[in-house]
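Architecture and fold: a report
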Amino acid sequence: MATIDSRPTDRAGQFLTGVGLFVRALGMYVRQPRLMLLGAIPALISAALFVAAYALLVYFVLDLAALFTPFADDWSDGWRTLVRGIVVLALLGLGGLLVVLTFTAVTLLVGDPFYEKISEQVEEWFGGVSDECEAPWWRSLGRSLADSARLLGTTLLIAVPLLVIGLIPVVGQLTAAVLGALVGGWFLALELVGVPFSRRGLTLADRRRILKQHRPVAQGFGTAVFLCFLIPLGAVLTMPAAVIGGTLLARRVLGLPVEPPAAAPAVGPGR
């Protein structure tokens, strides 16, 4: 595989490099109106579904808090309100974490043809794919569904301890928020490199193994995407940029160029 520029050796520098990949992807995205339109369609469809689901959570969250804290029924109003208020915040935080993570998985599935095209275009900008593995669409879809289900299952296992941590007043909620961003960022990175990895015949296990070798970079990229997705409409507006960034991240960790070939200066994003 082709070599690339030297990389920072410190973890903080590599983390910032990952953040920089997403910032760069955003710049490429806003200079390509066609990609913006192409990528917005599946994101809007998924957003409508998830807004409705989260609205249901908000509507029933007080009932859920009471359901989870029956032991507080006989407490004084002040203590009961405090405990259930903490549970409400924890449930809303957990719901937000799951929305961010499952939004990416569902949107990638809904918009597979769209995001496949975007990722393919990015690959072409930076030299193409020499080891592309062609697979029938139904096989690719089946693999994507299975991978997304496994990632979601792992996310749920991790989200439960975060919910418990979030029940600790003040400190617990801050800790859960930071850990949620880091954990969520890691799983988003795993999701977003799925298309370019699958294009090369690589599996979810390959994604985990290779990204672990470049964890600070992957973590920086994924955390930046996660925080951006928390902004209202952020996920809808920047999902295509996240796909672009995921392709750049995949090429980087696979040792492939992430700069346009010098012999073809007229080809590239924004040209």
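This write-up is about the structure you can find in this document. (Residues numbered from 1 in each chain as written. Predicted model: local features only at pLDDT ≥ 70, side-chain atom pairs only at ≥ 80, totals over all residues. Heavy atoms only, no water.)

With that settled, the discussion passes to the overall build of the chain. Secondary structure summary: the chain contains 10 helices and zero strands in total. What you see in the chain, going N to C, is helices and strands ordered as α-α-α-α-α-α-α-α-α-α. Among the 271 residues that make up the chain, the fraction classed as buried is 45%. Here the contacts in the chain between residues at least 6 apart in sequence split such that 82% fall between residues at least 24 apart. (Helix = DSSP H or I, 4+ residues; strand = E, 2+ residues; numbered from the N terminus. Buried < 20%, exposed > 50% of the residue type's maximum accessible area, 1.4 Å probe, protein only. Contact = heavy atoms within 4.5 Å.)

As a further point, take the side chain of S119. Here S119 is to be found in helix α4 (residues 112-125). The class for S119 is buried, based on a relative accessible area of 0%. A distance of 3.1 Å separates the side chain of S119 from the side chain of R199, its partner in a polar contact. Other than its neighbours up to four places away in sequence, S119 contacts V195, P196, R199, V243 and T247. (Polar contact = N/O pair within 3.5 Å; in protein donor to acceptor, adjacent residues only side chain to side chain.)

With that settled, the discussion passes to the packing of aromatic side chains. One pass over the structure, following the stated rule, counts five aromatic pairs. Considering the side-chain rings of F50 and F103, the 5.8 Å spacing of their centres and the 65° angle between planes classify their relative orientation as edge-to-face. A residue pair is termed long-range when its members are at least 10 positions apart, and F50 in helix α2 (residues 33-68) and F103 in helix α3 (residues 77-110) qualify at 53 residues. Judged by its relative accessible area of 15%, F50 falls in the buried class. Judged by centre distance (4.9 Å) and plane angle (85°), the ring pair of Y59 and F60 falls under edge-to-face. Among the residues examined, Y59 registers a relative accessible area of 64% and is labelled exposed. Looking at F60, the relative accessible area reads 39%, which means it is partly exposed. An aromatic cluster is built from F50, F103 and F229, whose rings are joined through pairwise contacts. (Phe/Tyr/Trp six-rings, centres within 6.5 Å; stacked < 30°, edge-to-face > 60°.)

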